[in-house]
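Structural features, examined
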Amino acid sequence: MALVKPVDEEFWKINSGFGNRRNPFPPPPFKMHNGIDLATPIGSNVYAVESGTITKIGITPSSGLYMIVDHDNNLESRYAHLGSFKGSEGDTVNQGQIIATSGNSGNTTGAHLHYGLRKNGRFVDPSQESLYGVNYRRIFTGFAAAFAIYKYIIPYLEEKRAS
Ligand SMILES: [Zn+2]
């Protein structure tokens, strides 16, 4: 099943991508980044990307408040630097349900949501658009624009040329 994004579309702005990156808190100078950082202001809704069970809620000095949701199909999502939790360990959650609010807890250089995905025990890049549902609204807008061009704009231009 396709995932939904963990934040509202307007906050789907990747500040820091997946993979090796310069460590903002060295040493070491480079560090594997097991997720992506999304530019979410403090208090933004955080949604479960897929239905599942909250398996872990905790706090560490680096991640701050964090939550792990297990989605059965060998998929696990992780949310860190949270502001608050909307649920407890053991709770089942539906896809798109608000499970937390974003914050600035832990070791950060500013408010953001750290979002990680682990598939079959390996971290994968959560920014791959193919993981998410088809954006029907975007496709419809594209078709509507194409239709308008063929139906109205081209005939208009041809009419102009003919006259
Ligand atoms: Zn991060």
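These numbers come from a predicted model, not from an experiment.

Reading the values: rules and limits
Residues numbered from 1 in each chain as written. Predicted model: local features only at pLDDT ≥ 70, side-chain atom pairs only at ≥ 80, totals over all residues. Heavy atoms only, no water. Helix = DSSP H or I, 4+ residues; strand = E, 2+ residues; numbered from the N terminus. Rg over C-alpha atoms; globule rule 2.2 N^0.38 Å. Contact = heavy atoms within 4.5 Å. Areas by Shrake-Rupley, 256 points an atom, 1.4 Å probe, with all protein chains shown as cover. Phe/Tyr/Trp six-rings, centres within 6.5 Å; stacked < 30°, edge-to-face > 60°. Buried < 20%, exposed > 50% of the residue type's maximum accessible area, 1.4 Å probe, protein only. Lys NZ or Arg CZ within 6 Å of the ring centre and 35° of its normal. Core = buried A, V, L, I, M, F, W, Y, C linked by side-chain atoms within 4.5 Å. Donors = N, O, S within 2.8 Å, 3.2 Å for Na, K, Ca; no water. 1 Å grid on protein atoms, 1.4 Å probe; cavity = no way out; pocket = protein on both sides within 12 Å on 5 of 7 lines; lining within 4 Å. Points joined across faces, edges and corners; volume = space filled by probe spheres on them.

1. Re the overall build of the protein chain
Counting its regular elements, the protein chain contains one helix and 12 strands. Its helices and strands in sequence order give the protein chain the pattern β-β-β-β-β-β-β-β-β-β-β-β-α, from N to C terminus. Since a compact globule built from 163 residues should have a radius of gyration of about 15 Å, the 21 Å found for the protein chain marks it as more spread out than a globular shape. Along the longest, intermediate and shortest principal axes, the C-alpha atoms of the protein chain span 75 × 40 × 30 Å. A separation of at least 24 residues holds for 61% of the contacts in the protein chain among residues at least 6 apart in sequence. Surface summary for the protein chain: the accessible area is close to 9700 Å², and the carbon and sulfur share equals 55%.

2. Focus: the packing of aromatic side chains
One pass over the structure, following the stated rule, counts three aromatic pairs. Between Trp12 and Tyr132, the aromatic rings sit 5.3 Å apart at their centres with planes inclined by 70 degrees, giving edge-to-face as the arrangement. Remark: Tyr132 occurs in the loop between strand S12 (122-124) and helix H1 (136-162) and Trp12 occurs in the segment before strand S1 (14-16); sequence separation between them is 120 residues. The two residues Trp12 and Tyr132 agree in class, both being buried. Plain terms: the ring middles of Tyr79 and Tyr115 are 6.1 Å apart, the flat faces sit at 10 degrees to each other, and that makes the pair stacked. Of this pair, Tyr79 sits in strand S8 (residues 75-85) while Tyr115 sits in strand S11 (residues 113-119); the two residues are 36 residues apart in sequence, bridging distant segments of the chain. Both residues of the pair, Tyr79 and Tyr115, count as buried. A network of ring pairs unites the aromatic residues Trp12, Tyr79, Tyr115 and Tyr132 as a single cluster. Directly above the ring of Phe123 sits Arg118, whose terminal nitrogen or CZ lies 5.5 Å from the centroid.

3. Some points on the nonpolar core
With 24 residues, the main nonpolar core has Leu3, Met67, Tyr79, Ile99, Leu113 and Tyr115 as its most contacted residues. Of all the secondary-structure elements, those providing two or more residues to this core are strand S4 (36-38), strand S6 (52-60), strand S7 (64-70), S8, strand S10 (98-102) and S11.

4. A few points about the coordination of the zinc ion
Taken together, the protein donors to the zinc ion comprise His33 (NE2), Asp37 (OD) and His114 (ND1), at separations of 2.0 to 2.2 Å. As a motif over one chain, the donors of the zinc ion read H-x3-D-x76-H. Accessibility assignment for this pair places His33 and Asp37 in one class, buried.

5. Considering the layout of surface pockets
Estimates place the volume of the largest pocket at around 710 Å³. Along its surface, the largest pocket is lined by 27 residues, and Arg21, His33, Ser62, His81 and His114 are the ones closest to its centre. Taken together, the elements giving at least two residues each to the lining of the largest pocket come down to S1, strand S3 (30-33), S7 and S8.

6. A few points about unusual backbone geometry
The omega angle of the peptide bond from Pro26 to Pro27 is 0 degrees, so this bond is cis rather than trans. With respect to the helices, strands and loops of the structure, Pro27 is situated in the loop between strand S2 (19-22) and S3. The omega torsion across Pro27 and Pro28 is -10 degrees, close enough to zero to call that bond cis. By the element assignment, Pro28 lies in the loop between S2 and S3. We note that Asn74 has phi near 60 degrees; this positive angle belongs to a residue other than glycine. Position of Asn74 relative to the elements: it lies in the loop between S7 and S8.

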